[in-house]
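Topology and contacts: notes
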Amino acid sequence: MKLARLGLAAVLVALSCAVARADTALLNVSYDPTREFYRDFNAAFAQAWKAESGETVQVRMSHGGSGRQSRSVIDGLEADVVTLALGYDIDAIADIRGALPADWQTRLPNESSPYTSTIVFLVRKGNPKAIRDWGDLAKPGIGVVTPNPKTSGGARWNFLAAWAWAEDAFGRDEAKVRAYMTALFKNVPVLDTGARGSTTTFVKRGIGDVLLAWENEAHLALRELGPDAFEIVAPSMSILAQPPVAVVDANVDKHGTRKAAQAYLDFLYAPEGQRLAARHYYRPIHPEHAAKDDVARFPELRLVTLKDRFGDWRATQKRFFDDGGIFDQIFATR
Amino acid sequence: MSLLSPRRAHAVAEAPAVRFLLLGLALAAVALFLLLPLGVVFAEAFARGWAAFAEGVADPDARAAIRLTLLVAAISVSVNLVFGVAAAWAVTKFDFPGKSVLVTLIDLPFSVSPVIAGLIYVLLFGAHGLIGPWLIAHGVEVIFAVPGIVLATMFVTLPFVARELIPTMEMLGRGDEEAARTLGASGWQIFFRVTLPNVKWAALYGVLLCNARAMGEFGAVSVVSGHLRGLTNTMPLHIEILYNEYNFVAAFAVASLLALMALVTLALKSGLEALGGK
């Protein structure tokens, strides 16, 4: 009896907590390395939204590997906005669940990417293995840490950046490019499911000589875990990674949160959002709004874009990362 | 013969060296695999002093995770207690076709990986699941919400109470109940006056084991939770998130709290054993 009463009391407490919430609650389903950025951004947005509309808004976050997060939204996770690592993961929500229109990426400026990033190398202090460029990664005896492209968005950018470099280096001879990629993945001791997992593997567990990382993730790891233990190497070229954002129409219409969700994404493009993105090591698309010191941290790199080199994400996903695609072929023969 | 007999008197009288060696090995194993990791959890939790520890535990998201863990444990333990008693009663007091199948099924959650347990519920209650679309259309959230977490926890903890009760009740037999019946007791009277007092220690023991597992479950809950901070994060999930955010002190602070809750459960269990004192 006592137990039953206790259980009932606990349920009531939980329910009353659920009721005593802000005017509007938004759920932002995001990928791994954006945790620190959105913590600051959500606070700034709540303030701005209060000033503009008088409403109190609370933004909840869910983080994980981009592909896995996309899967959760398809399975019914009630995201008002998704801010994922690459376009394909939002394409999947549009294609499989029909929760937003197929042309979602045209609804916001810069292909719906308010900030961009790229892929750089994080190496141990003093760069003892002398890793300078993509070619060094395929040399025997180098341990390369990257997450699994099947589940991680960052890992797919890693893969495409290496592929693009090899295409240039070997005159687009696909056999040679494949041989290079096979040698590279022979050097990968462990494939984590997400970018943050790989960082932990490299930094905390001390595995590998080089981590292929989002630029923002590399800077963050450097700041949080040891400027004396690691350094960042910028390769001769890399890929322009465009992490897109979108309102999930089916969910905001159900929750009645479309206005706030739209304002939330617009705020990413506003001066304050751009400034915060740069502070958290994302490359803002309007650098004039960011602090000069923050922008100065980004090295000048030759960046190829997905569109110019590989086409759209649906085609790229099918060619490289779907079952039986080039990644599977390379990984099987390594 | 007579020379050997004094030593034969102690059936386990090994040479002292052997005894110390065995004892030393056992103690070393316990220290290495149990005490040391547990010590590390607490050491890391207090690595930056009390203030940092308190900050990690008092964070609103951490408190929400603690509340949710207690809520989930309370619900799943009470439901499993009712189920366990009913199942054990049915299995030991009656004969019916399919009895052995039922006993095997009760053990199923022990052999199924928790991840699969979680995925089953996604397949059932997800937006593309069997009954998920209907529930969602009627505004009932199961997956990525508290009900899903409770269901997944109930699945993995299902066997604990029944598994404790069945052997006890089998050992006790049906004699007491049959005697009560011949004296004119009703079914409920027999249950509350005869059966329950006989098995209360076994039931409590099962409840404590069930509680320990319910609080600590990670795999199944991780699949159905959606990881919404302050909403659907239980303590184990919250610990993983903090660790992934390089927030090691807070991660280990919550971890040490979870370990402490498990230790209290364990202490209660030992206390009960002493009380039940065979």
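Residues numbered from 1 in each chain as written. Chains lettered and ligands numbered in written order. Predicted model: local features only at pLDDT ≥ 70, side-chain atom pairs only at ≥ 80, totals over all residues.

1. Here's the deal with the overall build of chain B
Assigned secondary structure in chain B consists of 14 helices and zero strands. If you list the helices and strands of chain B from N to C, you get α-α-α-α-α-α-α-α-α-α-α-α-α-α. For 278 residues, the compact-globule formula gives about 19 Å, and the C-alpha radius of gyration of chain B, at 24 Å, lies well above that figure. Principal-axis analysis of the C-alpha atoms gives chain B an extent of 75 × 60 × 30 Å. The long-range fraction of contacts in chain B, counting pairs at least 24 apart against all pairs at least 6 apart in sequence, stands at 74%. (Helix = DSSP H or I, 4+ residues; strand = E, 2+ residues; numbered from the N terminus. Rg over C-alpha atoms; globule rule 2.2 N^0.38 Å. Contact = placed C-beta atoms within 7 Å.)

2. Quick word on the interface of chain B and chain A
A common measure of how large an interface is: the accessible area buried when the components associate. In this assembly, 23 residues from chain B lie in contact with 23 residues from chain A. Looking at the side of chain B that touches chain A, the elements with two or more residues in it are helix H4 (60-93) and helix H7 (132-137) of chain B. A per-element tally of the side of chain B that touches chain A places H4(B) first, with six residues. Across the side of chain B that touches chain A, the residue classes tally to twelve nonpolar, eight polar and three charged. (Nonpolar A, V, L, I, M, F, W, Y, C, P; charged D, E, K, R; others polar.)

3. What about the domain arrangement of chain B?
Once the domains are mapped, chain B shows domain 1 (14-45) and domain 2 (49-276). Counting residues at the interface gives five residues for domain 1 of chain B, matched by eight residues for domain 2 of chain B. (Domains from an automatic or database assignment.)

4. As for the nonpolar core
Considering soluble globular proteins, one finds that nonpolar side chains tend to be buried as a cluster. Counting 161 residues, the largest nonpolar core has Val81(A), Val82(A), Val248(A), Ala152(B), Val224(B) and Val254(B) as its most contacted members. Tallying contributions element by element places H4(B) first for this core, with 16 residues. (Core = buried A, V, L, I, M, F, W, Y, C linked by C-beta atoms within 7 Å. Buried ≥ 20, exposed ≤ 12 C-beta atoms within 10 Å, placed from the backbone.)

5. Focus on the packing of H4(B) against helix H8 (residues 146-157) of chain B
Residue and element names in this part refer to chain B. Two elements in contact, H4 and H8, have axes separated by 9 Å at closest approach and are oriented at 50 degrees. Viewed along their axes, H4 and H8 adopt a mutual orientation that is oblique. Along this stretch, H4 crosses H8, giving a crossing that reads as right-handed. Residues Val72, Ile75, Ser76, Val79 and Asn80 of H4 form the contact with H8, whose participating residues are Ile149, Val150, Thr153, Met154 and Thr157. (Axes fitted to C-alpha atoms, helices over the stretch in contact; angles between N-to-C directions. Parallel < 35°, antiparallel > 145°, perpendicular 65-115°, else oblique. Left-handed = near helix turned anticlockwise from the far one by under 90°.)

6. Some thoughts on the pairing of strand E2 (residues 57-62) of chain A
All names here are of chain A. Alignment of strand E1 (residues 24-30) against E2, held across six bridges, turns out to be parallel. Pairing of Val29 across the sheet is with Ser62, part of E2. Regarding topology, helix H2 (residues 35-53) serves as the crossover connection from E1 to the parallel E2, and that connection is right-handed. (Pairing = 2+ DSSP bridges. Right-handed = clockwise from strand over helix to strand, strands pointing away.)

7. Considering the environment of Val156(B)
Residues and elements named next belong to chain B. Residue placement: Val156 occurs in helix H8. Val156 sits in the buried class, given 24 other C-beta atoms within 10 Å. Each C-alpha atom of the pair Val156 and Gly219 lies 9.8 Å from the other, and the pair is 63 residues apart in sequence. Setting aside its immediate chain neighbours within four residues, Val156 contacts Pro109, Pro114, Ala117, Arg213, Glu217 and Ala220.

8. Focus: the confidence of the model for chain A
Taken residue by residue, chain A gives an average pLDDT of 90. The fraction at 70 or more is 93%. Of the regions scoring below 50 in pLDDT, residues 10-20 of chain A engages in five contacts with residues more than four places distant in sequence or in other chains. (pLDDT = per-residue confidence, 0-100.)

9. Overview of the packing of H4(B) against helix H11 (residues 187-216) of chain B
Residues and elements named next belong to chain B. In the contact formed by H4 and H11, the axes pass within 9 Å of each other and the chain directions differ by 145 degrees. Pair H4 / H11 crosses with right-handed handedness. On H11, the residues touching Thr69, Val72, Ala73, Ser76, Val77, Asn80, Leu81, Gly84 and Val85 of H4 are Ala203, Gly206, Val207, Cys210, Asn211, Ala214 and Met215.

10. Quick look at helix H7 (residues 174-186) of chain A
Quick reminder: α-helices carry 3.6 residues per turn. Residues three or four places apart thus point the same way. Its 13 residues give H7(A) an end-to-end C-alpha distance of 18 Å, which sits within 8% of 18 Å, the value for a rise of 1.5 Å per residue. Contacts made by the buried residues of H7(A) are with strand E5 (144-145), helix H6 (153-169) and helix H16 (326-333) of chain A. (Expected span 1.5 Å × (residues − 1).)

11. Thoughts on the sheet that holds strand E3 (residues 81-83) of chain A
Residue and element names in this part refer to chain A. Strand order in the open sheet formed by four strands is E2-E1-E3-E9, with mixed pairing between adjacent strands. Looking at which strands have only one partner, the edges of the open sheet turn out to be E2 and strand E9 (245-247). On average, each strand axis in the sheet is inclined to that of its neighbour by 20 degrees, with strand direction left out of account. Docked against the sheet, helix H11 (residues 258-269) engages E1, E2, E3 and E9, running at close to 165 degrees with respect to E9.

12. What to know about the environment of Trp49(A)
Residue and element names in this part refer to chain A. Counting through the fold element by element, Trp49 comes out in helix H2. By C-beta crowding, Trp49 is classed as buried, having 22 other C-beta atoms within 10 Å. Taking C-alpha positions, Trp49 is 9.4 Å from Phe267, a pair spaced 218 residues apart along the chain. In this structure, Trp49 is in contact with Glu55, Val57, Ala260 and Ala263, ignoring residues within four places of it in sequence.

13. Describing the domain arrangement of chain A
Residue and element names in this part refer to chain A. Domain parsing of chain A yields domain 1 (2-113 + 243-269) and domain 2 (116-241 + 301-333). For the side of domain 1 that touches domain 2, the secondary-structure elements that each account for two or more residues are helix H3 (66-74) and helix H4 (87-97). Here the side of domain 1 that touches domain 2 gets four residues from one element, more than from any other, and that element is H4. Across the side of domain 1 that touches domain 2, the residue classes break down as seven nonpolar, six polar and five charged.

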